[in-house]
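The lines below spell out each chain.
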Amino acid sequence: MMTLSMLVLTIGIFYFMTWLYKRSNISFLFPILTSTICLIVLLVLLDIPYDTYMEGGRWINWLLGPAVVAMAYPLYTQWQTIMKNRKIILSCVAIAMATGMASILFLAWAVGLKTDVKLSYLPKSITSPVALQISDAIGGIPQFTVFFVIVAGILGAIFGPIIYRKFNIDSPVSRGVAMGSASHGIGVSKLTEYGEKTLSIGSVSMTLSAILGAIVCPIVAWLLF
Amino acid sequence: MKVIRIILQIGVLYLFTLIGTWIVDWTHLPLPGSIIGLLLLLICLLTGVIRESFIKDGAGFLISILTLLFIPATVGIMNYPELLSGYGILLVVILAISTLFTLTLTGKIAMRMEARQHDDT
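Residues numbered from 1 in each chain as written. Chains lettered and ligands numbered in written order. Predicted model: local features only at pLDDT ≥ 70, side-chain atom pairs only at ≥ 80, totals over all residues. Heavy atoms only, no water.

Asker: Sorry if this is basic, but what is going on with the overall build of chain A here?
Answerer: Along the backbone of chain A there are 12 helices and zero strands. Beginning at the N terminus, the succession of helices and strands in chain A can be written as α-α-α-α-α-α-α-α-α-α-α-α. Rg of the C-alpha trace for chain A: 18 Å, near the compact-globule value of 17 Å for 225 residues, within the 12% margin. Across the 225 residues of chain A, 59% fall into the buried class. By sequence separation, contacts in chain A at least 24 residues apart represent 67% of the contacts at least 6 residues apart. Total accessible area on chain A is roughly 9500 Å²; 67% of this is exposed by carbon and sulfur atoms. Counting 14 positive and 8 negative side-chain charges, chain A places the averaged centre of each group 16 Å from the other. (Helix = DSSP H or I, 4+ residues; strand = E, 2+ residues; numbered from the N terminus. Rg over C-alpha atoms; globule rule 2.2 N^0.38 Å. Buried < 20%, exposed > 50% of the residue type's maximum accessible area, 1.4 Å probe, protein only. Contact = heavy atoms within 4.5 Å. Areas by Shrake-Rupley, 256 points an atom, 1.4 Å probe, with all protein chains shown as cover. Lys, Arg positive; Asp, Glu negative; His and termini not counted. Charge placed at Lys NZ, Arg CZ, Asp CG, Glu CD.)

Okay, structure coming up:
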């Protein structure tokens, strides 16, 4: 009973929030953000622990694996575009990873955060299942990493379109590569609004970031800490 | 009919996730099974082992509900109420600066590289 009601509740809230988002056209009403806040408030008010919620939630969560695999499809249909821009994609993914790590380590150092929090930040731009493993391997706090990853994704999805406008980032390649390598899957899910070409560049950048991050994060952690 | 096709095709995509997970278990690669599954499916599509029509509807459906799929994991933040304190806000602020700076810089560099590529050709 609980399983079904949590499932229906999640899907119901999500569809309502999606409707509201499309209708209002306000990027702050990004459905992941509003649905999450709504669900957390409801669960806290009804005194339902997260584990109980996940009895229903895990059925949705389970689809995340096949959904990541499904991203091979836009990669396949846009393969020529990807190969044509392979140099840009590869260099920009590497640049984004270096910039992301350097800037977060600098800021964390500037405000005086502890080493385990700094390490938890390192894989922040990488899709959550990979980031979780990396964080665990380099001595971060996995729960903090998941939080950072999700927030980095939501921030990209909300502010990405504003940045695109302000800084004239207006080609599918530049939009896709920037979002995929800074804000992984959540950011890339926003790119569905920009068409298949942008989406496929976004997913290929996300995938490359995950592979690169799995190699680079442990090296950086080993060198610096 | 289309509903059944979508469900069956999601089954195929799940199979790739499973194979990816097995490969990760064997080889101890530091990547999740789904990323390996993605690469495998891409190879199968490019080499023609699997026809596009075999996964098209299932993949299209999952990608269209992608944002929904992240929600249960995101709700897990509720287990960390300390992140809602002043300390948590500080952590989010520096995360925001770093992430948005990275996004902007990468986008600008990509634009410039693209412009140069067009000049060359």
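Asker: Before we go on, may I ask you to explain the packing of aromatic side chains in this structure?
Answerer: To describe a pair of aromatic rings, one takes the distance between the centres and the angle between the planes. All names here are of chain A. For the structure shown, the criterion picks out 11 aromatic pairs over all chains. When the ring of Phe144 is compared with that of Phe148, the centres are 6.1 Å apart and the planes differ by 90 degrees; the resulting orientation is edge-to-face. Linking Phe144 with Phe148, this pair stays in helix α10 (residues 142-166), spanning four residues, or about one helical turn. Note on Phe144: relative accessible area 9%, which makes it buried. You can call Phe148 buried: its relative accessible area is 0%. The rings of Tyr121, Phe144, Phe147 and Phe148 are connected pair by pair, giving a single aromatic cluster. (Phe/Tyr/Trp six-rings, centres within 6.5 Å; stacked < 30°, edge-to-face > 60°.)

Asker: Is there a simple way to think about a nonpolar patch on the surface in this case?
Answerer: Together, A:Ile215, A:Ile219, A:Trp222, A:Leu223, A:Leu224 and A:Phe225 line one region of the surface with nonpolar side chains, adding up to about 710 Å² of accessible area. Tracing the sequence through the fold places A:Ile219 in helix α12 (residues 196-224). (Patch = residues over 30% accessible without salt bridge, like charges linked within 9 Å, V, L, I, M, F, W, Y side chains within 5 Å. Salt bridge = Lys/Arg side-chain N within 4 Å of Asp/Glu carboxyl O.)

Asker: Please explain the interface of chain A and chain B as it appears in this structure.
Answerer: One frequently used descriptor of interface size is the decrease in accessible area upon assembly of the parts. Counting from both sides, the interface comprises 95 residues of chain A and, opposite them, 66 residues of chain B. For the pair chain A and chain B, the two sides together bury roughly 7400 Å², of which 82% comes from carbon and sulfur. Here chain A and chain B share zero salt bridges between them. At the junction of chain A and chain B, the tally comes to 10 residue pairs in polar contact (both at pLDDT 80 or more). With 13 residues, the single largest contributor to the side of chain A that touches chain B is α10(A). Of the residues that constitute the side of chain A that touches chain B, the class distribution is 65 nonpolar, 26 polar and four charged. (Buried area = accessible area lost by both parts, 1.4 Å probe. Polar contact = N/O pair within 3.5 Å; in protein donor to acceptor, adjacent residues only side chain to side chain. Nonpolar A, V, L, I, M, F, W, Y, C, P; charged D, E, K, R; others polar.)

Asker: In this structure, what is going on with the packing of helix α9 (residues 128-138) of chain A against α12(A)? I would like to understand it.
Answerer: When two helices pack together, their arrangement is given by the angle between the helix axes and the distance between those axes. Residue and element names in this part refer to chain A. Look at α9 against α12: their axes get within 10 Å of each other, and the N-to-C directions meet at 15 degrees. When the axis of α9 is compared with that of α12, the two are roughly parallel. For the pair α9 and α12, the sense of crossing is right-handed. Contacts from Val130, Ile134 and Ile138 in α9 reach Ala210, Gly213, Ala214, Cys217, Pro218 and Ala221 in α12. (Axes fitted to C-alpha atoms, helices over the stretch in contact; angles between N-to-C directions. Parallel < 35°, antiparallel > 145°, perpendicular 65-115°, else oblique. Left-handed = near helix turned anticlockwise from the far one by under 90°.)

Asker: Would you mind showing me how to read the confidence of the model for chain B here?
Answerer: One rule of thumb: low pLDDT means the predicted coordinates there are not for detailed reading. All names here are of chain B. Per-residue pLDDT for chain B averages 91, and the proportion of residues at 70 or more is 98%. Mean pLDDT values for the elements of chain B range from 87 in helix α4 (residues 66-75) up to 95 in helix α1 (residues 2-27). Taken over the whole predicted complex, pTM reads 0.85, whereas the ipTM for its chain interfaces reads 0.89. (pLDDT = per-residue confidence, 0-100.)

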